[in-house]
Number of protein chains: 2
Amino acid sequence: MYGVFASVIVQLAEQHGEPYQSFPVDMMRYGAGGTGGSGSLCGALNGAAALFGLFAQSEEQTKQFISELFLWYEQKELPAFVPRKPILDVEVPLSVSDSVLCHVSVTRWAETSGYKAFSKPRKERCRRLTADTAKRAVEILNTSLSGKYEAQMDMTGEVKACGSCHTKDSEMSNTRGTMSCGSCHFSLAKDHPTVQSG
Amino acid sequence: MYGVFASVIVQLAEQHGEPYQSFPVDMMRYGAGGTGGSGSLCGALNGAAALFGLFAQSEEQTKQFISELFLWYEQKELPAFVPRKPILDVEVPLSVSDSVLCHVSVTRWAETSGYKAFSKPRKERCRRLTADTAKRAVEILNTSLSGKYEAQMDMTGEVKACGSCHTKDSEMSNTRGTMSCGSCHFSLAKDHPTVQSG
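How each quantity is defined
- Residues numbered from 1 in each chain as written.
- Chains lettered and ligands numbered in written order.
- Predicted model: local features only at pLDDT ≥ 70, side-chain atom pairs only at ≥ 80, totals over all residues.
- Heavy atoms only, no water.
- Least-squares fit on C-alpha atoms with pLDDT ≥ 70 in both.
- Contact = heavy atoms within 4.5 Å.
- Axes fitted to C-alpha atoms, helices over the stretch in contact; angles between N-to-C directions.
- Helix = DSSP H or I, 4+ residues; strand = E, 2+ residues; numbered from the N terminus.
- Parallel < 35°, antiparallel > 145°, perpendicular 65-115°, else oblique.
- Left-handed = near helix turned anticlockwise from the far one by under 90°.
- Nonpolar A, V, L, I, M, F, W, Y, C, P; charged D, E, K, R; others polar.
- Salt bridge = Lys/Arg side-chain N within 4 Å of Asp/Glu carboxyl O.
- Buried < 20%, exposed > 50% of the residue type's maximum accessible area, 1.4 Å probe, protein only.
- Polar contact = N/O pair within 3.5 Å; in protein donor to acceptor, adjacent residues only side chain to side chain.
- Buried area = accessible area lost by both parts, 1.4 Å probe.

A few words on the relation of the copies chain A and chain B. Mapping chain A onto chain B calls for a screw motion: a turn of 180° about the axis and a shift of 0.0 Å along it, with 0.0 Å RMSD after fitting. The operation mapping one copy onto its partner corresponds to a two-fold rotation axis. In this assembly, 100% of the residues forming the interface of chain A have copies in chain B that are likewise at the interface, indicating an isologous arrangement.

So this is what it looks like as structure tokens:
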């Protein structure tokens, strides 16, 4: 969270001074490890969403930008960014997270890469993913400011199909949101069959 | 998110002026509906975690406070708060969310109460839950400032058992976090057996 948020605010402070200079950017360190290490919302996404909250022109636009970024994060092979001088100079495999949640995103990458969730290459992966997310967030904000913003991402057919029964104005209307459904609701049964059959 | 964060910062601004007065609290509206309507991290928790990020004495303390609050939210029957003059004057049933995620928390409450996820009583429930969360966050911060803070919550035996194989320093070490496992990993198989048997 701090990585994405501070990368933008500190640069603005260097160029423009206040009010960016006195923003307590260090507060955003709370988002690390999916919020205080809880493994929930990816901190890079939380930081980008905070930037949208600060700079988007309306609450509706904030929501649109968050949706665009979250779908991008769920569906794209990441991390794409390769630093010129990496902190850890290893090849970092790409994976599709199929989730905005830290612990799911990390597990998908661990499965793809063969690395452990607390390994140094995993840290390097998250650093590069943070750079990707900051870049995409700023692209969204800049194209918006120049009047050229168009949503590029869409919910998958699966999420739309699930939503047609479960979300707003549907028959059951028993939940809400736009998160990928399958990564929790369809792919877990095989992992612990003795527990899940109950 | 805005509800919890602003309830504290605006009161501090009224009492102390700067630096609270110029904090752009409206940015925190991005956390509504589990971050921009995505249904991920509950906005009340995100707002409280941001307060911890701002006021806790260290990153380690921020993490401890977030853990305490998130476990409280997962395990307690909520909302407990009943306003003297509610916006919507209905009886609001209590439920245990077993998750820090907005859409799961809402679904648990919808199951318990019989109300829809986009109903007015559900909005009232989230308003009261926001008040509960703000209160608990401030209690944590205040007891900490007076040197009397002690963690009251603990991870469930289930989460510890899962973590012993899957998180840091374990055999598989293929994920991270402290979120309740069962609400996604053990209770979904029965809902869509035709999809999940694949």
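There is more to say, and it comes next.
Next up on the list: the packing of helix H1 (residues 2-16) of chain A against helix H5 (residues 120-145) of chain A. Residue and element names in this part refer to chain A. H5 packs onto H1 with a crossing angle of 50° between their chain directions and a minimal axis gap of 9 Å. The pairing of H1 with H5 is recorded here as oblique in orientation. The two elements H1 and H5 cross, and the hand of that crossing is right-handed. For the pair H1 and H5, the contacting residues are Gly-3, Val-4, Ser-7 and Val-8 in the first and Thr-130, Thr-133, Ala-134 and Val-138 in the second. Classifying every residue of the contact of H1 with H5 by side-chain character gives four nonpolar, four polar and no charged.

Moving on: the pattern of salt bridges. For side chains of opposite charge, pairing can occur when their charged atoms come near one another. Going through the model one piece at a time under the given rule, you end up with 18 salt bridges over all chains. The salt bridge involving Glu-68 of chain B is made with Arg-136 of chain B; its shortest N-O contact spans 3.3 Å. Here Glu-68 of chain B is found in helix H3 (residues 59-75), whereas its partner Arg-136 of chain B is found in helix H5 (residues 120-145), with 68 residues between them in sequence. Sharing partners across several salt bridges, the network here consists of Glu-68, Lys-135, Arg-136 and Glu-139 of chain A.

Attention now moves to the side chain of Glu-68 of chain B. All names here are of chain B. A relative accessible area of 3% means that Glu-68 is categorised as buried. Of note is the side chain of Glu-68, whose polar atom sits 3.1 Å from the backbone nitrogen of Met-153. If we ignore the near neighbours within four places in the chain, the residues touching Glu-68 are Arg-136, Ile-140, Tyr-149, Ala-151, Gln-152 and Met-153.

Turning our attention to the side chain of Ser-173 of chain A. You can see Ser-173 of chain A is positioned in the loop between helix H6 (157-166) and helix H7 (182-185). According to the relative accessible area criterion, Ser-173 of chain A is buried, its value standing at 5%. Residues within four places of Ser-173 of chain A in sequence aside, it is in contact with Cys-165, His-166, Thr-167 and Lys-168 of chain A together with Lys-116, Ala-117 and Phe-118 of chain B.

Right, let's get into the interface of chain A and chain B. Taken together, the 57 residues of chain A in the interface contact 57 residues of chain B. Across the chain A/chain B interface, buried area totals approximately 5,000 Å², and carbon plus sulfur atoms make up 66% of it. Here Arg-29 of chain B ties to Glu-59 of chain A by a salt bridge, and the two come within 3.9 Å at their closest N and O atoms. Between the two partners, chain A and chain B, sit 19 residue pairs in polar contact (both at pLDDT 80 or more). Those elements that place two or more of their residues in the side of chain A that touches chain B are helix H2 (43-55), helix H3 (59-75), helix H4 (102-113), H7 and helix H8 (193-196) of chain A.

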